[in-house]
Each structure stands twice: as structure tokens, then as C-alpha cells.
Amino acid sequence: MPLDDLLAAASRLTDDTLLAVAIAAGVNLLALATIFFLHRRERSRSRRIAKDLDQSRHMLQLVLDNIPQRVFWKDRDLRYLGCNKALAEDAGLAPGDIIGKTDLELPWKEDAELYRADDREVMTAGAGKPHYEEPMQKADGSVSWLETTKLPLRDADGTVVGVLGTYEDITERKRAQSELLLRERAIESSVNAIFITDHTLADQPVVYVNPAFERITGYAEAEILGRNCRFLQGTDNAQPGIAHIRDAVRAGRAAHTVLRNYRKDGSLFWNDLHIAPVLTDDGQVTHYVGVLNDITDTRRYQEQLEHQATHDALTGLPNRGLLMDRLHQAILHARRYESTVTVVFVNLDRFKNVNDALGHDAGDRLLQAAARRLQACVRATDTVARLGSDEFILVLAHQVAKEAIPVELQRVLDTVSSPLELDGKELYVTASLGASIYPQDGQEAETLLQHADTAMGRAKKLGRNTFQCYDAEMNHRLNERLALLASLRHALARDEFVLHYQPRLVLATGQIVGVEALIRWQHPELGLVPPNDFIPLAEESGLIEPIGAWVLETACQQARAWIDAGLPPMHMAVNISARQFRRRDLAQLVRTVLQETGLPAALLELELTESLLMEMEEAELSVRALKALGVQVAIDDFGTGYSSLSYLRRFHVDRLKIDRSFVREMATRPDDAAIAKTIIALGHTLKMKVVAEGVETAEQASLLHAERCDEVQGFYYSRPVPAEDCARLLRHGRILLARAC
Ligand code: C2E
Ligand code: MG
Ligand code: MG
């Protein structure tokens, strides 16, 4: 019986050896050893108490079979003499089937030599080999880790007769240990700061911090442990996040917040903090684990992005998006408190000139300076925004009394307009301002902005460097213009234009030598619209180009038709607008029209205004190109534009048309008479014919005659009339001969 053998062997063990076995097998083996010991005493006392012995044996087997440790004993040949149930299970055998086998025949045969080497070592040394770890292949193929202790088994003489061993499967413990180690390493190497506070102690001190915590806060572990975490807030403890954390801790909950914390050197960092309770099995909070993340850089980057999205890069002022936001807010506030909001549209005057003359860099600096100046003249609660280019908006959120508005606007104007030094040059920048006021000028942000813009536009028209407040009448006119523009776009296609013709005659004889084609718009609702009411609009919108081409073509066709009808040939004068004149292909257009209509070039006269010739750099070339076609060129409205006379010489124009305004007052204002007289003399000197426009009275006619003006045009002779009426006059050849001087 193997157990008997063991008992026999045990009876031969010294007390010391037994003690060693007990220690090696742990607490349960201690029990085993004790039983051994008891059993030995029993045996030595009385072999006869067989019943007791049986009982003891039974007890011993029971104990052996019920302890988790594996127990075995082998002979000198390393054959198993016996083992407990747990070991037999590892081998997948019944305990009895192990006896007589060596490790080489058991499932762990791969590792057998390892065990056997240990067995031999113990037997040879005669000394135990306690608590060492080794692997073991089990019957089911899995590998376990064992903690083994081996002792030499001796007989009564103390001779080593075998080996007694015990081992425990520590696979699970080892795994748990390495997991724990991994977690500890993970926590230690985490980039997030981690800390643990003890909630069983007063004031919940910190009991653990990882290296990241030290790195982020700048405090060493020793300076932190034992303190409550609130020291990181310094005196900045009126933060909503703090209350949030406090409430969560009180309720034993997890929480997340962002706090302003301070490093050891006093610098601020944004702490993205997560805390979670550590609970016992019965739900008691013993600790809190906190994860602290320094999000200062992310925050700063976010703030930068937000700033970029809402501010103008050049001036740092709020952009349109933020402006609209602030304006909405200001309107809401004013609505609630029944106050006002003043919106001021600021546009720098002739900013383009600065850009062109001094370069974009200087232009940028000018805008920056203007931004600073505008900011300086508003209150902290007001907004200065840049819409783009040289456009700024002020939102005056404070109540401005109606009477005070001009004062306030003048102050803004003065601030912007004071001389500015740029690259050592003194620059005089002015601005045009337009204001609209909530609630009277609009209820919505967009409307107020639009109305301030309209008012600013009027300030520009009034000569710049001034301000205007919005008024509804102004808006009405604007809307009218917009409506007019809309219908102007279709006028050509709907054939709504007509030409009237005004004769031009030789003053001395009354002979008609030409007609001027003057456009009218037969508007379905407004009736006959005069050119001054729509030509500027057509000019601005670009519609003048197709309209002008239509006029040229129609007038030439008409002149040709009159010739074909046997009427005496005469000049057909056509007005050319600035935009038409600026087109490089004007001469080409004229040539084509002449070809198509068959009108001799010499009978076409193009009227250009004085300012048009002055403003355009290539004017001389263009005039030359036209003259090369053989057409006549007249300067219209002479005397009203710039007064540089040198160009007159250069252009070789055929006719000067004295502006109506001088003719009108000739009889009453000596100055105007003198101007008319001078123009006539000038024209003659330069070998040009001089035409007086707008002659309305006999008196004007005789004064002009006295100054030897060549030709005249005016209501006194004929108003501009439709083609058929004009044809009658032309057939006549002369107009009101009685009136001719
Ligand atoms: P403008 O070229 O100086 O034409 C003369 C204007 O004086 C015409 O006005 C004519 O009706 C007016 N007028 C002539 N005699 C008298 C007079 O005795 N008393 C008064 N008070 N006015 C007189 P209208 O037809 O209203 O044309 C105004 C302006 O519109 C023209 O001034 C011209 O600049 C422009 N315009 C007319 N037709 C055309 C056109 O086909 N193309 C372009 N681009 N402009 C045109
Ligand atoms: Mg004209
Ligand atoms: Mg004119």
C-alpha cells in the first residue's frame, strides 16, 4: 500500500525533516506533517490499536486527497511510490495507476528530465530544495506553472531512500501577478496624470501619483502625497467645475470636468479631469482614481481657430460672421430694454489710390491704422468689425440720443481723418460714413446694415469725408432705381427705345447742317423717359454698350434713309458714353456700322465729353483711331469738365459744343457770357467750329452771333423731334429763317 510505505518512510523521518515538509507544503502540509507526527507517535505507542490506525490512515488519505497541493513520493529509481488525488488528476490517472511509473511515462514526459534532475539533486545533496518554479505539461495538453518543494526521503538510519515532493499549480497566481505588473507599468508610463485619493481618511489625501502627474504639475511625489488635490487650484476656486467634482464625490459618483489648475511654478494649465470611485464589494467608496489630462495646448489651438474663424486676419477685428452675431445680440438687448442700436458703415475714401500709389503693403498698414483708430473711438461694449476691403462697421450698443448722433459721427470722422504717417510720408485719409438706427430704420441686423450702407453711399455722392443718416425717402429712391434697372434690362429686346433728332444749324443763315440723335425710352408705365434718367444707370450696369451700339446703328440707318429719300446730306451726331469710348473695339464697331448702313464716314459725328477725354490715358489713341475712319469728332458739354486745354490741341477735334449752362445765363451773367466768348475764340484759334447748345431765346442767339459762334442748337430753333418730324424740317433745309441772325 503506497500510503503505508509513506507512513513507514515518514516514521523514519526525523522531526526536522517532517517540519521541513510541513513548511514546503504550506499550511495544509503542516496539517499533513502533524498527522504524520501524530501517527508516528501512535504507532510507536501501540501497534495494537489497529482501529485507530485505520482511522488515522483514512484521515490521512482524506486530507491528502482534499488539499489542493500535489503530494508525491518516489523511490531512489525515481519511480512513484505514491501520490495524492490531485496529482493523479494532473496525470489523468487514478492514484493507484501512478505507482511504479516514472515521470518519463506520464503526460509531462517532455519535462521529465527536468524533474528527475531535481530529484537526483535532492537525493544526492541530502538536502531539500524549497519553493522553486517550473513548468508542467498536463494530461489535457495545457502547460501549467508549478511551485515545487522537494525533500530527501530517508529510512530509520537516515539513508536517503527516495524523494518526497509537493507542488502547487501557480499558473493563475502568476497570470494575476503579471497582469498586475502590466497594469502598474501602464499606469506608471501613462502620459495622463493618474492619482488616487483615500476616502477613508480625513480630507481625502492623495496616496498615489504616477510620474506624469509629477511632470504635468511640476510637483514631486513627496510634495503631493498626503495633501488634498485642491491645492492645484490655488486661489482660483470659483470655478463651476469644482462644484461639479465636489457634488460627484459627495454622491460617490464618477465625474468629468475641465478645471483651471496651476503648476508648481504658478503657470496655468487646463486640466481635463475624470474621476471615478473605487468601491468595496459592499459598495463602499474607499478611494477615488483621478485621470488628469493637460489640454492647455489643445485649448489654445481651439481658441486660435475660433479667433481665426471669427476675426479678420489683417486687423484682428471681428469679421462679418461675428459682427452679425454681435449685432443680433445688441438688437435683442435693445428690444428688451427699449433702447437703440446705432450701426455706422465706414468706408475709407479713395483707398484704392493709396493701394495703387504706395503699394498693397502700405494699404494694409493704413487699414490697420484705421482699425485702431476706430476702436479707440468706441466704448468697450461697442463693436468695430471689418467687412472686407476698406469697409468697417461700428455697432454702437449704447443708447445714443438722436441729437447726439451727428456729434458722434463727426467724432468718428475726425478720428479716422487725422493725418497719418506712413513710411515717413504724411497721409490724409478721409472716410464716408452712413448710419442707421434700431428701431426706426430697421428691425433686423441685415436691414440695418443695408440702410447704413445706403446712407454711406449718399455721403460718398455728397463729396466724401462726410456722414449721412439713413432716411426712408433715400431708400425709396434706391428701390425705384433698382426697379428701373430691372426693366432697363429688357428695354432693348422689347424695342422700347426711340431716337429723337435735334437739328443743328448755321447761326448766320439758319441752314440745317446736322442733327443730333438723342435717345428716349418709351417706358410702358412711365411714359417717355429722358436719357438723364436712365443713361447713368445704363452706364453703371454696363447696359450702355448694347444700347449705345443700337443708337449708333439706328442713327446711321436713319441718316442713310434720309439721303436715300433725297434729303440734303448732313451730319448725324451720336453721343458716345464713357464706357463705350473705353472699349478698344469702338472704332471697329463704327466701321462696321458705317459699312452696313452705307453712310459716308464724313457724315457721322461722334460727341465725346471733355471729362471723358481727360480721364482716359489712351484717349488720344482712340480719338485718332476714330478720326482715321474719316468721322468727325465733337467735344460735348465743353467748359464743364477739367480745364486743361492742352489736350484740345492734341486731339484735333472738329467741333466744340459750349455747354448749355453757359448759354442759358449769357444774357444775365457777364461771367457766363465771358466764358462763352472765350470758348468761341479758343475754338476758332484752334480751327474748330463752335456750336452753342441750348439756345432758347433770340437774345442768346444774337449775343452768340455777336461773338461769331458758328452753329447753334436749341429749343429756340427746334426741340429734339421724332424722325418723321425731323425729316420735314430737313426737307425745308432751313429753320425759322426769320429767327436766324
Ligand atoms: P447732350 O448730348 O448735351 O444733349 C443735349 C441735351 O440738351 C438734350 O437733352 C437736349 O434735349 C437738350 N437741349 C437741347 N436744346 C435745349 C434747350 O434749348 N434748352 C434745354 N433746356 N435743353 C436743350 P436730352 O435729350 O435730355 O439728353 C440729355 C443728355 O443725355 C445728352 O446731353 C447726352 O449727354 C445724353 N444722351 C442722350 N442721348 C444719348 C445717347 O444716345 N447716348 C448717350 N451716351 N448719351 C445720350
Ligand atoms: Mg450731345
Ligand atoms: Mg451737350
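Residues numbered from 1 in each chain as written. Chains lettered and ligands numbered in written order. Predicted model: local features only at pLDDT ≥ 70, side-chain atom pairs only at ≥ 80, totals over all residues. Heavy atoms only, no water.

Q: Explain the coordination of the magnesium ion (ligand 2) here, please?
A: Donor atoms from the polypeptide that coordinate the magnesium ion (ligand 2) comprise Glu516 (OE), Asn575 (OD1), Glu607 (OE) and Asp636 (OD), at 2.1 to 2.2 Å from the metal. Summarised as a motif, the one-chain spacing of the donors to the magnesium ion (ligand 2) is E-x58-N-x31-E-x28-D. A separation of 4.1 Å is found between the magnesium ion (ligand 2) and the magnesium ion (ligand 3), both of which receive a donor from Asp636. Pair noted here: Glu607 is in strand S22 (residues 604–609) and Asp636 is in strand S23 (residues 632–638), with a separation of 29 residues, a long-range link. (Donors = N, O, S within 2.8 Å, 3.2 Å for Na, K, Ca; no water. Helix = DSSP H or I, 4+ residues; strand = E, 2+ residues; numbered from the N terminus.)

Q: Explain the pairing of strand S24 (residues 655–658) to me, please; I cannot follow it from the model alone.
A: Each regular strand displays side chains that alternate between the two surfaces of the sheet. With burial as the criterion, each face of S24 is covered, one bearing Arg655 and Lys657 and the other bearing Leu656 and Ile658. As judged from the three bridges shared by S23 and S24, these two strands associate in the parallel manner. The residue of S24 that forms the bridge with Ala634 is Arg655. (Buried < 20%, exposed > 50% of the residue type's maximum accessible area, 1.4 Å probe, protein only. Pairing = 2+ DSSP bridges.)

Q: For this particular structure, what's the right way to read the environment of Phe231?
A: Along the chain, Phe231 turns up in the loop between helix H9 (221–224) and helix H10 (240–251). Given the relative accessible area of 15%, Phe231 is considered buried. Separated by 199 residues in the primary sequence, Phe231 and Thr430 place their C-alpha atoms 56 Å from one another. Those residues in contact with Phe231 that lie beyond four places of it in its chain are Tyr219 and Ile224. (Contact = heavy atoms within 4.5 Å.)

Q: Sorry, what's going on with the packing of aromatic side chains here?
A: Under the definition given, this model contains ten aromatic pairs. Aromatic side chains Phe497 and Trp550 sit 6.1 Å apart centroid to centroid with 45 degrees between the ring planes, which places their arrangement in the tilted category. You can see Phe497 sitting in strand S18 (residues 497–506) and its partner Trp550 sitting in helix H19 (residues 544–564), a full 53 residues away along the chain. Every member of this aromatic cluster is reached through a ring pair, and the members are Phe497, Trp521, Phe534 and Trp550. In this structure, Lys129 packs its charged tip against the face of Tyr132, placed 4.3 Å from the ring centre. Over the face of the ring belonging to Trp145 we find Lys174, whose NZ or CZ atom lies 5.1 Å from the ring centre. (Phe/Tyr/Trp six-rings, centres within 6.5 Å; stacked < 30°, edge-to-face > 60°. Lys NZ or Arg CZ within 6 Å of the ring centre and 35° of its normal.)

Q: When you look at the site of ligand 1 in this model, what are you seeing that I'm missing?
A: The environment of ligand 1 is formed by 21 residues, the closest being Asn575, Asp636, Arg660, Glu696 and Phe715. The separation between an oxygen atom of ligand 1 and a polar side-chain atom of Glu693 is 3.1 Å. Taking Glu696, its side chain carries an N or O atom lying 2.4 Å from a nitrogen atom of ligand 1. Within the residue set of the shell around ligand 1, elements represented by two or more residues are strand S19 (512–523) and S23. Sorting elements by how many residues they give to the shell around ligand 1 places S19 first, with four residues. (Near = heavy atom within 4 Å. Polar contact = N/O pair within 3.5 Å; in protein donor to acceptor, adjacent residues only side chain to side chain.)

Q: What is the right way to read the sheet that holds strand S13 (residues 391–396) from this model?
A: Strands pair in a sheet through their backbones, by hydrogen bonds, and they do so in one of two ways: parallel or antiparallel. Pairing is mixed across the open sheet formed by five strands, whose spatial order is S12-S13-S11-S16-S17. The sheet terminates laterally at strand S12 (383–388) and strand S17 (467–469), the two strands that pair on one side only. Put simply, the sheet's adjacent strands are angled 20 degrees from each other on average, direction ignored. The pairing of strand S11 (residues 341–348) with strand S16 (residues 431–438) spans eight bridges and is classified as antiparallel. Pairing of Val341 across the sheet is with Tyr438, part of S16. (Axes fitted to C-alpha atoms, helices over the stretch in contact; angles between N-to-C directions.)

Q: Would you explain the nonpolar core in this entry?
A: One broad trend across soluble globular proteins is that nonpolar side chains are buried collectively. The biggest cluster of nonpolar side chains holds 82 residues, and the ones touching the most others in it are Trp562, Phe581, Val590, Leu604 and Leu704. The element contributing the most residues to this core is H19, with eight residues. Each residue touching Trp562, except ones within four places of it in the same chain, is listed here: Tyr501, Val515, Leu567, Met572, Ala723, Cys726, Ala727 and Leu730. If you look at the next biggest cluster of nonpolar residues, it comprises 34 residues, including Leu317, Leu394, Ile405 and Leu422. (Core = buried A, V, L, I, M, F, W, Y, C linked by side-chain atoms within 4.5 Å.)

Q: Sorry, what's going on with the sheet that holds strand S8 (residues 255–262) here?
A: Taken in spatial order, the five strands of this open sheet run S7-S6-S10-S9-S8, and their pairing is antiparallel. One side of each edge strand has no neighbouring strand; the edge strands of this open sheet are strand S7 (206–209) and S8. Geometrically, the sheet is characterised by an average inter-axis angle of 30 degrees between neighbouring strands, direction not taken into account. Judged from the nine bridges that link them, strand S9 (residues 268–279) and strand S10 (residues 285–294) form a sheet pairing that is antiparallel.

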